[in-house]
Amino acid sequence: MNQLCEHYKNWMSTQLPLPSEWFFPGRNPNNYIPNTSVDRKFKEFWNATESSKQCDKQPTVHCLRHAF
């Protein structure tokens, strides 16, 4: 996970004109991504998996936070 975060951080430094104080900046690099946007995208990605069709309880970003 550390390597993945480092790779993401390096990639983000090439995408933004100035460094952001946020690890996950929003459209405006001075602000973070809103929770609602993260939850919406996570749900979209989850529903695109095969596991979503076999699972009766949908996971959330909050669940992942507590699992790791």
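Residues numbered from 1 in each chain as written. Predicted model: local features only at pLDDT ≥ 70, side-chain atom pairs only at ≥ 80, totals over all residues. Heavy atoms only, no water.

Peer 1: Account for the overall build of the chain, naming residues and giving values.
Peer 2: A tally of helices and strands in the chain yields 4 helices and 0 strands. Starting at the N terminus and walking to the C terminus, you meet the elements of the chain as α-α-α-α. By the compact-globule yardstick of 11 Å for 68 residues, the chain is too spread out, its C-alpha radius of gyration being 15 Å. Projected onto its principal axes, the C-alpha positions of the chain cover 45 × 25 × 20 Å. Considering the chain as a whole, with its 68 residues, one finds that 7% of them fall into the buried category. Pairs at least 24 residues apart make up 0% of the contacts formed inside the chain by residues separated by at least 6 positions. In the form shown here, the chain has an accessible surface area of approximately 6400 Å², with 57% of it arising from carbon and sulfur atoms. Computed over 8 positive and 6 negative side-chain charges, the separation of the two mean positions in the chain equals 4 Å. (Helix = DSSP H or I, 4+ residues; strand = E, 2+ residues; numbered from the N terminus. Rg over C-alpha atoms; globule rule 2.2 N^0.38 Å. Buried < 20%, exposed > 50% of the residue type's maximum accessible area, 1.4 Å probe, protein only. Contact = heavy atoms within 4.5 Å. Areas by Shrake-Rupley, 256 points an atom, 1.4 Å probe, with all protein chains shown as cover. Lys, Arg positive; Asp, Glu negative; His and termini not counted. Charge placed at Lys NZ, Arg CZ, Asp CG, Glu CD.)

Peer 1: Account for the side chain of S52, with residues named and values stated.
Peer 2: Along the chain, S52 turns up in helix α3 (residues 51-54). The exposure class of S52 is buried, given its relative accessible area of 16%.

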